[in-house]
Amino acid sequence: MTNRARGQACFLAAICLIAFVWLFLLPSLSTLASIRQRIDGNRAAGINPTAVFYTDHPGMADIERSMAASVEAPTQWFWKPSF
């Protein structure tokens, strides 16, 4: 077997493995109770798993305000150097 044929065989095997995982393994995992609960919880919260940015979620504004308040507060967790 030449290097080119070996490379093509490896590429084909990788494509087949990715297709198997995407088309069979992941859909079967979504039927597990713990994963199904997480999926349903995300749907109930209005989280779109295909969203590019989590900032698209309506609740993100509250989270950003909370994080900004934590960063600005003089605590031991977040601090700003005084130089």
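Since the structure is predicted, the reported quantities are computational estimates derived from the model, not experimental observations.

When its secondary structure is counted, the protein shows three helices and zero strands. Taken from N to C terminus, the helices and strands of the protein fall in the order α-α-α. Burial status across the protein gives 1% buried among its 83 residues. Here the protein displays about 7,600 Å² of accessible surface, and carbon together with sulfur accounts for 68% of that area.

Here we take up the pattern of salt bridges. Think of it this way: side chains of opposite charge can pair up when their charged atoms draw near. Counted according to the given criterion, the structure contains two salt bridges. Among the ionic pairs, Asp40 bridges to Arg36, the shortest N-O distance being 3.5 Å. Placement of the pair is Asp40 and Arg36 together in helix H2 (residues 33-44), with a separation of four residues, close to one helical turn. According to the relative accessible area criterion, Arg36 is partly exposed, its value standing at 30%.

This brings us to helix H1 (residues 3-29). For H1, built from 27 residues, the straight-helix expectation of 39 Å at 1.5 Å per residue is met to within 8% by its first-to-last C-alpha distance of 37 Å. At Val21, H1 is bent by approximately 35°, the largest bend along its length.

This part takes up the confidence of the model for the protein. Low pLDDT marks regions whose predicted coordinates should not be analysed in detail. Here the protein shows a mean pLDDT of 83. Residues at 70 or above account for 82%. Least confident of the elements in the protein is helix H3 (residues 60-72), whose mean pLDDT is 81; most confident is H1, at 95.

Another aspect to go through is H2. Counting along an α-helix, one turn takes 3.6 residues, and residues three or four places apart therefore face a common direction. With 12 residues, H2 should reach 16 Å at 1.5 Å per residue; the first-to-last C-alpha distance of 16 Å fits that figure. Burial runs low along H2: only zero of the 12 residues are buried. Phi turns positive one or two residues past the end of H2, at Gly46, with a value near 80°.

Rules and cut-offs
- Within each chain, residue numbers correspond to sequence positions counted from 1 in written order.
- The model is predicted, so local features are restricted to residues of pLDDT at least 70 and side-chain atom pairs to those at 80 or more, both for listing and for counting; the totals for chains, interfaces and linings are taken over all residues.
- Only heavy atoms go into the side-chain values, all of them from the structure, while hydrogens and water stay out.
- Each helix corresponds to a stretch of at least 4 residues labelled H or I by DSSP, and each strand to a stretch of at least 2 residues labelled E; elements are numbered beginning at the N terminus.
- Buried means the residue's accessible area, taken with a 1.4 Å probe over protein chains only, is under 20% of the maximum for its type, while exposed means over 50%, and partly exposed covers the values in between.
- Where accessible areas are quoted, they stem from the Shrake-Rupley method and a 1.4 Å probe; at the residue level, only the protein chains shown are allowed to cover.
- When a carboxyl oxygen of Asp or Glu lies within 4 Å of a side-chain nitrogen of Lys or Arg, that pair is called a salt bridge.
- Expected helix span is given by 1.5 Å per residue-to-residue step, counting one fewer step than there are residues.
- For a residue, the bend is simply the angle between two axes, fitted respectively to the seven-residue segment ending there and the seven-residue segment starting there.
- What pLDDT expresses is the predictor's confidence in each residue, scored from 0 to 100.

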